[in-house]
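Read off the chains here:
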Amino acid sequence: DEIGDASKKLGDASYNFAKEVDWNNGIFLQAPGKFQPLKALKAIDKMIEMGAAADPKLLKAAAEAHHKAIGSISGPNGVTSRADWDEVNAALGRVVASVPKAKVMAVYDAVKDITDPKVPAYMKSLVNGPDAEKAYQGFLEFKDVVAKNQVTAASAPAVVPSGDKIGAAAKQLSDASYPFIKDIDWLPDIYLKPLPGKTAPETLKAIDKMIVMGAKMDGNLLKAAAEAHHKAIGSVDSKGVTSAADYEAVNAALGRLVASVPKETVMDVYNSMAKIVDPTVTNNMFSKVNPLDAVAAAKGFYTFKDVAQASQ
Ligand code: DGD
Ligand code: CLA
Ligand code: CLA
Ligand code: PID
Ligand code: PID
Ligand code: PID
Ligand code: PID
Ligand code: PID
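Residues numbered from 1 in each chain as written. Chains lettered and ligands numbered in written order. Predicted model: local features only at pLDDT ≥ 70, side-chain atom pairs only at ≥ 80, totals over all residues. Heavy atoms only, no water.

(A) Summary view of the domain arrangement of the chain. Taken domain by domain, the chain holds domain 1 (2-148) and domain 2 (165-310). Its C-alpha centre places domain 1 at a distance of 26 Å from the equivalent point of domain 2. Contacts between domain 1 and domain 2 engage 19 residues on the former and 24 residues on the latter. Here domain 1 meets domain 2 over a buried area of about 1900 Å², counting both sides, of which 76% is carbon and sulfur. One can count 0 salt bridges joining domain 1 with domain 2. Where domain 1 meets domain 2, there are 3 residue pairs in polar contact (both at pLDDT 80 or more). Elements with a minimum of two residues in the side of domain 1 that touches domain 2: α2 (37-53) and α3 (56-71). Considering only residue class, the side of domain 1 that touches domain 2 consists of 12 nonpolar, 3 polar and 4 charged. (Domains from an automatic or database assignment. Contact = heavy atoms within 4.5 Å. Buried area = accessible area lost by both parts, 1.4 Å probe. Salt bridge = Lys/Arg side-chain N within 4 Å of Asp/Glu carboxyl O. Polar contact = N/O pair within 3.5 Å; in protein donor to acceptor, adjacent residues only side chain to side chain. Helix = DSSP H or I, 4+ residues; strand = E, 2+ residues; numbered from the N terminus. Nonpolar A, V, L, I, M, F, W, Y, C, P; charged D, E, K, R; others polar.)

This is the structure in structure tokens:
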């Protein structure tokens, strides 16, 4: 397709730049400017809306392209192969083309709103400047091809299941865990801290398992889960807590999503995360909430998971 062909030209223009970026730099975990969690949540909401509007088949293909690209990483900077760099760009270009332009620009505008204007120049200062300019020029040509192939109308919303066992179980889980959700401080920057003692390549391995799981999920249910999150963000209070009803809808949507993939795929995520999360992290989280609320939530979760497993 045209986007695939264009991604090769983009690769010619941008792979030198890609090789110069230090992808293992911890700076990419930081907020791109002043830390403003509720404003950042708005920007993420725009990404969720764009994801929910995208063609699920193309999202799946993009997740698969990333998984493949992680497999061909080499060198100290963590760069993927030239062929996989092109494949990722092509896959993301197709995702962008599957949503109306306004949804893409809404992401750009909202991210711009939380980004310090000095950030792009600082990023450029870490690489060979002319290579960054060449890459950007390549991006500008690529985006014209994407725009030419772009849809003008949004896709239909997801079909949301109702009256299923997971929906009923989600009500129980949510009743049992909403007090815990209200205890949690959703707005500190601790969630943007590196995992103690873990390198970027180690963390990326665990993220790769999530990407694999995402690629296997049912596309309609993933879309529905994104829509449920968008709705939940719309009801957050000043502390970042969503309403009880929206929380319940998120749990139901995520339970259905988990049930749409094999158990082993879910356990791969769990086991890879367990390997990189030090017990000091979980203990620290536990110390910040009412312990009785946390135990009640955990009990609720362990009951819920049996229902999810029975539908798996
Ligand atoms: C950039 C953008 C990259 C900066 C990276 C910051 C983004 C961080 C995102 C963090 C987000 C959040 C959360 C994630 C989840 C966390 C969970 C815990 O360097 C601009 C200005 C605005 C920049 C900020 C907006 C960036 C938006 C990026 C899209 C969002 C992606 C989402 C990311 C998140 C995660 C994904 C899963 O646009 O951009 C550089 C540009 O900066 C440079 O400005 C441009 C002008 O816009 C353009 O008009 C033009 O002037 C150009 O062109 C210069 O500069 C000139 C000529 O006109 C060209 O013809 C050509 O010759 C060129 O020069 C060659 O140099
Ligand atoms: Mg990504 C974008 C890293 C998995 C879907 N992703 C980005 C970039 C960053 C990144 C490079 C955001 C910051 C930015 O704009 O820098 N993703 C990244 C990593 C992983 C990952 C490390 C780990 C596996 N992503 C992942 C998965 C999915 C996505 C699994 C779902 C399938 N990702 C996704 C989308 C988008 C990203 C839809 C974006 O739109 C965003 C992005 O790249 O926006 C431009 C700048 C970007 C780069 C350095 C990448 C190359 C960009 C072009 C081709 C050349 C460079 C031009 C110029 C010098 C700088 C960019 C200017 C900008 C205004 C265009
Ligand atoms: Mg998430 C999970 C935040 C958007 C899909 N998501 C998580 C949690 C965290 C979170 C609360 C990971 C950390 C953790 O396990 O804590 N998501 C979060 C935010 C946003 C977001 C802030 C922003 C909008 N997500 C989002 C989108 C999607 C997903 C758009 C795609 C549709 N998310 C997704 C999945 C999963 C998450 C598939 C998970 O599996 C993971 C998760 O919750 O795993 C348990 C602990 C979790 C909580 C504090 C909240 C859940 C409470 C449960 C139901 C009861 C509590 C049990 C116990 C006390 C603690 C957990 C024990 C553990 C062994 C299970
Ligand atoms: C400017 C000035 C003009 C010239 C110009 C110009 C530049 C405009 C630009 C630009 C626009 C632009 C847009 C970009 C958009 C990036 C969008 C990224 C979206 C990320 C998403 C992330 C996610 C997911 C995902 C799917 C999940 C949901 C999420 C489901 C169903 C200024 C050059 C024209 C870069 C969507 C993918 C996993 C949230 O106009 O003179 O330069 O860049 O998890 O969905 O699960
Ligand atoms: C524009 C103007 C509107 C019209 C429009 C428009 C276009 C927007 C577009 C577009 C946005 C867009 C985004 C693209 C982003 C590509 C990002 C590629 C990232 C590749 C990576 C590869 C890799 C790896 C990996 C992880 C490793 C690092 C690497 C570590 C720690 C402008 C059409 C709407 C194409 C990250 C995955 C292995 C490098 O809005 O008028 O057209 O395209 O090895 O991580 O090692
Ligand atoms: C300038 C002027 C214009 C011309 C121009 C220009 C240059 C702009 C530039 C540039 C922008 C730019 C951006 C870059 C962005 C790179 C983003 C990389 C993201 C990597 C991540 C990696 C990671 C991980 C991971 C998970 C870990 C955290 C991390 C935990 C819990 C100035 C040329 C346009 C290079 C996200 C995945 C392992 C961080 O605009 O005229 O030159 O470069 O380790 O999670 O640890
Ligand atoms: C233990 C001991 C036994 C008893 C037991 C027990 C506990 C097991 C447990 C547990 C397992 C478990 C699993 C959990 C799994 C969570 C998985 C989360 C996945 C997140 C994903 C994120 C993503 C995306 C997304 C889609 C994108 C890709 C991504 C596309 C196409 C120990 C109790 C049985 C909690 C997939 C969603 C946006 C990466 O066994 O005696 O306690 O918890 O962006 O994909 O866009
Ligand atoms: C198990 C054992 C195997 C069988 C198995 C199994 C099950 C795994 C399961 C399962 C995993 C799982 C995960 C679920 C996670 C639910 C997470 C809910 C999160 C809700 C949130 C709501 C919110 C918001 C929001 C953003 C705001 C904060 C909030 C800010 C900054 C165990 C079956 C495979 C159900 C986060 C979105 C508005 C709180 O593996 O043998 O069954 O379920 O307002 O952000 O304000």
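That shown, we press on.
(B) The nonpolar core, seen in detail. By size, the foremost hydrophobic cluster in this structure holds 12 residues: Met-213, Met-217, Leu-221, Ala-225, Ala-228, Ala-232, Val-250, Ala-253, Leu-257, Val-261, Val-266 and Val-269. Mapped onto this core, the elements with two or more residues apiece are α10 (219-234), α11 (244-259) and α12 (263-276). With residues up to four places along the chain from it excluded, the contact list for Ala-253 reads Ala-225 and Ala-228. (Core = buried A, V, L, I, M, F, W, Y, C linked by side-chain atoms within 4.5 Å. Buried < 20%, exposed > 50% of the residue type's maximum accessible area, 1.4 Å probe, protein only.)

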